[in-house]
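# Descriptive analysis of the structure
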Amino acid sequence: MSRLNKQRGAKPKQENCLVGNKQIIAPGYCRLTLYAPLIAREVYPGQFVEVYMPPEHQPMLPRPFSVYKANQKTGEIVILFEIKGQGTRLITAAEPGATLKLLGPLGHGFPELPSDAVLVAGGMGIAPLVFLASSTDLPRTLIYGAPTVAQLACPSSDLDMPGLTILEATEDGSKGDQGTTVDLLIRCINNVGAVFACGPSPMLQAVKKISDRAAVKAWVSVEERMACGIGACVGCAVATPGGYKRVCKDGPVFAAEEVILSE
Ligand SMILES: Cc1cc2nc3c(=O)[nH]c(=O)nc-3n(C[C@H](O)[C@H](O)[C@H](O)COP(=O)(O)OP(=O)(O)OC[C@H]3O[C@@H](n4cnc5c(N)ncnc54)[C@H](O)[C@@H]3O)c2cc1C
Ligand code: FES
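Residues numbered from 1 in each chain as written. Chains lettered and ligands numbered in written order. Predicted model: local features only at pLDDT ≥ 70, side-chain atom pairs only at ≥ 80, totals over all residues. Heavy atoms only, no water.

## Section: the site of ligand 1
The condition that has to hold: Whether a residue is near a molecule or strand depends on its heavy atoms: if one lies within 4 Å, it is near. In protein, a polar contact requires one atom able to donate a hydrogen and another able to accept it; more generally it is a pair of N or O atoms within 3.5 Å, and residues adjacent in sequence count only if both atoms are side-chain atoms. Accessible areas in this description were obtained via Shrake-Rupley with a 1.4 Å probe; residue shielding takes into account the shown protein chains only. Each helix is a run of H or I in the DSSP string that is no shorter than four residues. Each strand is a run of E no shorter than two, and both are numbered from the N terminus. The classification used treats Ala, Val, Leu, Ile, Met, Phe, Trp, Tyr, Cys and Pro as nonpolar, Asp, Glu, Lys and Arg as charged, and all other residues, Gly among them, as polar. Note: domain ranges come from an automatic or database domain assignment.
Around ligand 1, the structure places 19 residues, and the nearest of them are Arg63, Pro64, Gly85, Gly87 and Thr88. Take Ser66: an N or O atom from its main chain is 3.0 Å from a nitrogen atom of ligand 1. Between ligand 1 and Leu80 there is a distance of 2.9 Å, counted from a nitrogen atom to a backbone nitrogen or oxygen. In the complex, the protein chains occlude 77% of the 870 Å² of accessible area that ligand 1 would expose alone. A per-element tally of the shell around ligand 1 places strand S4 (residues 63-66) first, with four residues. Broken down by class, the residue content of the shell around ligand 1 amounts to eight nonpolar, five polar and six charged. Here the shell around ligand 1 gathers at least three residues from each of two domains, domain 1 (3-106) and domain 2 (117-258).

Written out as structure tokens, the structure is:
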């Protein structure tokens, strides 16, 4: 049985994790390895962890991050994030050998990739899709875009996987095609098995429309500001045709037709 099916329903664990390798991969972007064997064993692509602030900065809320890589053998997980505000600055300040408290794995992730899947990543939406892309050797395509090359933060060495075709776009043309991920998806939508997307809400909304028009199944990973991360505070509600759902507990991955996204 694959990691995807076997691990569904695993209960979140709180772990005190040793900070391992820390890389500032580009100005404003950090790639952090954490020794978190309980989470590494059970997490599957599209799930996330809550990273707590160091004790001297409590009661700041923990911050949610998709798992970017997980290695069951070494017990390590990797997160890749943009340094945005106080929380991500404090996490980036943790040096190798320090301890950070984590809660995870959280939420419902992606279903298994079919053959000829297309993964659409806008900006930091790349994080869960790298983990998803690494879950199979089936032929699959990653469309990766951002406004400028500086915002294509994911190191190209992390995208070097057998069977993975990469198409890149930047709005200013500084890398790949000039345009957006949506332009690239329109070009290939008629030949794909399913679409898996993570990125800004207007991009997800466009992905949903294009997939719907082509009668291709699409899955979207939605991001909202979070507090508890476990479904208790309803701080992360997203509108659906049947009422509100919690991104942290019912998502973050939803079938595209299940969520109402803002343009
Ligand atoms: C399920 C989930 C997975 C995520 N995975 C990743 C990831 O893999 N890599 C990554 O870089 N980021 C990810 N994020 C976003 C990340 O959690 C926020 O950027 C982070 O919490 C910001 O914390 P901060 O204290 O540095 O910024 P704050 O001081 O809290 O805010 C700084 C700025 O960032 C904006 N911001 C804060 N949180 C969010 C959010 N959730 N979505 C959009 N904008 C936000 C604020 O509006 C503000 O403008 C994820 C969010 C969710 C909900
Ligand atoms: S963050 Fe509390 S319910 Fe989602």
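Right, picking up where we left off after that structure.
## So, the domain arrangement of the protein
Spelled out, the test is: Residues count as neighbours in contact if any of their non-hydrogen atoms are within 4.5 Å of one another. Accessible area that two parts lose when put together, with a 1.4 Å probe and added across both, is what the buried area reports.
We note that the domain assignment places domain 1 (3-106) and domain 2 (117-258) within the protein. Spacing between the C-alpha centres of domain 1 and domain 2 amounts to 20 Å. Listed as interface residues are 23 residues of domain 1 and, on the opposing side, 22 residues of domain 2. Where domain 1 abuts domain 2, roughly 1,900 Å² becomes buried across the two surfaces, and 69% of that area is made up of carbon and sulfur atoms. Of all residues in domain 1, the largest losses of buried area upon contact with domain 2 belong to Tyr29, Pro45 and Tyr68, amounting jointly to 29% of the total for that side.

## Some details on the sheet that holds strand S8 (residues 117-122)
Rule in force here: Strand pairing is assigned whenever DSSP detects at least two bridges linking the two strands. Lines fitted to C-alpha atoms define the axes here, with helix axes fitted over just the stretch in contact, and angles between the N-to-C directions of these axes take values from 0 to 180 degrees.
Pairing within the open sheet is mixed, and its seven strands lie in the order S11-S10-S9-S8-S12-S13-S16. Strands with a single pairing partner mark the edges of an open sheet, and in this sheet they are strand S11 (177-178) and strand S16 (253-255). Note that S8 and strand S12 (residues 194-198) share five bridges and pair parallel. Within S12, the residue paired with Ala121 across the bridge is Cys198. Running over the sheet, helix H4 (residues 126-133) touches S8, strand S9 (140-146), strand S10 (164-170) and S12 and is turned about 155 degrees from S8. Lying on the sheet, helix H6 (residues 201-213) is in contact with S8, S12 and strand S13 (218-221); it crosses S12 at an angle near 170 degrees.

## Things to note about the nonpolar core
The condition that has to hold: Grouping buried Ala, Val, Leu, Ile, Met, Phe, Trp, Tyr and Cys residues that are joined through side-chain atoms within 4.5 Å yields what is termed a nonpolar core. Accessibility here uses a 1.4 Å probe with only protein chains present; expressed as a share of the type maximum, an area under 20% marks a residue as buried, one over 50% as exposed, and anything in between as partly exposed.
Core analysis: the largest hydrophobic core is formed by 33 residues, its most contacted members being Val120, Leu185 and Val195. Looking at this core, the elements that each hand over two or more residues are strand S7 (99-106), S8, helix H5 (181-188), S12, H6, S13 and helix H7 (247-250). Counting the residues that make up this core, at least three belong to each of domain 1 (3-106) and domain 2 (117-258). Among residues more than four places away in sequence, those in contact with Leu185 are Val118, Val120, Ile143, Val195, Val207 and Ile210.

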